[in-house]
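Architecture and fold: a report
The primary structure of each chain is shown beneath.
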Amino acid sequence: MDSIIEKSRNINMDFTEDIIEFYHENQSYFDSFDNIKEIETIEEIILVKQKYCEALENKAHYKETTVVLKHIFILLTKIKNKSQKYDSYFERALFYQGLVLARQERYSQSNHKFKELLIIDPLNETYRSWYQSNKSKIFDRRLSLSKSIVLIATVFTTLFGNYVFGHLNFQITLFVFVLLIATYSFPYLYRKIGTNN
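What comes next concerns the included structure. (Residues numbered from 1 in each chain as written. Predicted model: local features only at pLDDT ≥ 70, side-chain atom pairs only at ≥ 80, totals over all residues. Heavy atoms only, no water.)

Let's talk about the overall build of the protein chain
Scanning the protein chain for helices and strands turns up nine helices and zero strands. Tracing the protein chain from N to C terminus, the helices and strands come up as α-α-α-α-α-α-α-α-α. When the 197 residues of the protein chain are sorted by exposure, 37% land in the buried category. In the protein chain, once contacts between residues fewer than 6 apart in sequence are set aside, the share between residues at least 24 apart is 57%. (Helix = DSSP H or I, 4+ residues; strand = E, 2+ residues; numbered from the N terminus. Buried < 20%, exposed > 50% of the residue type's maximum accessible area, 1.4 Å probe, protein only. Contact = heavy atoms within 4.5 Å.)

As for the pattern of salt bridges
Scanning all chains against the criterion turns up six salt bridges. Residues Glu54 and Lys51 are paired through a salt bridge, measuring 4.0 Å at the closest nitrogen-oxygen approach. Here the residue Glu54 and the residue Lys51 both occupy positions in helix H4 (residues 39–58), the gap between them amounting to three residues, near one helical turn. Here Arg103 makes a salt bridge to Glu57, at a shortest N to O gap of 2.8 Å. In this pair, Arg103 sits in helix H6 (residues 86–103) while Glu57 sits in helix H4, placing the two residues 46 residues apart along the sequence. Look at Arg103 and you get partly exposed, because its relative accessible area is 39%. (Salt bridge = Lys/Arg side-chain N within 4 Å of Asp/Glu carboxyl O.)

Section: helix H2 (residues 16–25)
Note on helix geometry: an α-helix contains 3.6 residues per turn, so any two residues three or four positions apart are oriented the same way. Listing the buried residues of H2 in full gives Ile19, Ile20, Phe22 and Tyr23. Along the long axis of H2, the arc covered by the buried residues comes to 165°, so they all point the same way. (Arc of directions from axis to C-beta.)

Focus on the side chain of Asn124
Here Asn124 shows up in the loop between helix H7 (107–120) and helix H8 (125–165). Among the residues examined, Asn124 registers a relative accessible area of 18% and is labelled buried. Here Thr126 takes part through its backbone nitrogen, which lies 2.9 Å from a polar atom of the side chain of Asn124. (Polar contact = N/O pair within 3.5 Å; in protein donor to acceptor, adjacent residues only side chain to side chain.)

Side note on the packing of aromatic side chains
Applying the stated rule across the entire model yields ten aromatic pairs. Centre to centre, the rings of Phe95 and Tyr96 are 5.4 Å apart; their planes meet at 80°, and the pair counts as edge-to-face. Owing to a relative accessible area of 12%, Tyr96 belongs among the buried residues under this scheme. (Phe/Tyr/Trp six-rings, centres within 6.5 Å; stacked < 30°, edge-to-face > 60°.)

Describing the nonpolar core
Ranked by size, the top nonpolar core spans 39 residues in total, and within it Phe30, Ile46, Ile72, Leu76 and Phe95 carry the most contacts. Contributing elements (two or more residues each) for this core: helix H1 (2–10), H2, helix H3 (27–30), H4, helix H5 (62–79), H6, H7 and H8. In this structure, Ile72 is in contact with Ile46, Lys49, Gln50, Cys53 and Ala93, ignoring residues within four places of it in sequence. (Core = buried A, V, L, I, M, F, W, Y, C linked by side-chain atoms within 4.5 Å.)

Regarding the environment of Ser148
Within the element layout of this structure, Ser148 appears in helix H8. Taking the C-alpha atoms as reference, Ser148 lies 9.7 Å from Leu180; in sequence the two are 32 residues apart.

What about unusual backbone geometry?
At Ala60, a residue that is not glycine, the phi angle is positive and equals roughly 65°. A relative accessible area of 41% places Ala60 in the partly exposed class. You will see that Asn81, though not glycine, has its phi angle at about 65°, which is positive. Structurally, the position occupied by Asn81 is in the loop between H5 and H6. Overall, Asn81 belongs to the exposed group, its relative accessible area being 76%.

Quick word on the environment of Lys70
Inspection of the secondary structure assignment puts Lys70 in helix H5. Judged by its relative accessible area of 56%, Lys70 is exposed.

Points about the environment of Ile36
Turning to its location among the elements, Ile36 is positioned in the loop between H3 and H4. Relative accessible area serves as the criterion here: at 9%, Ile36 is assigned to the buried category. Put simply, Ile36 and Lys78 are 42 residues apart on the chain and 9.3 Å apart in space, counted from C-alpha to C-alpha. If we skip the residues at most four places from it in the chain, Ile36 touches Tyr29, Thr41, Ile42, Ile45 and Lys78.

Written as structure tokens, this is what we have:
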């Protein structure tokens, strides 16, 4: 077991293929961490798993990255308040968790992670950029849904308004039409105001 940790120190952790190959060769060791108690060994395993996460993310293997991140958080509980590396390892794992959730288009969940990260480091521009990007995508998704609903309502009132609404048809059709214009104009106005501020 110690020899695997020694080998990990000699692996070039910056090369995606090297870290993936090394991890796969020794996966049974890295995934059997329940009985490991030594803080230094746990730190080494976390480091390897974090580099493996980075390599997987580079290859867009997000499901596997999620599984490895769960392992990392289990390991982190073992070194909490016992290791000086805990804070930096926790922050890094949280970042990859947020990043992978965003890649999977789970923007709200991702932003929960980036909110936590911005509490840890409020000046970090990468965290803020991901947070703002997620907010924009959440906004775009909600706007897209609103556009679809208003468009369906417009078609419905145009085709069936006289039969369904009777003498109120004109007022309802006008209201739906105003909603349609507002919904489609809002993104343009929002971005223009945002650019001017």
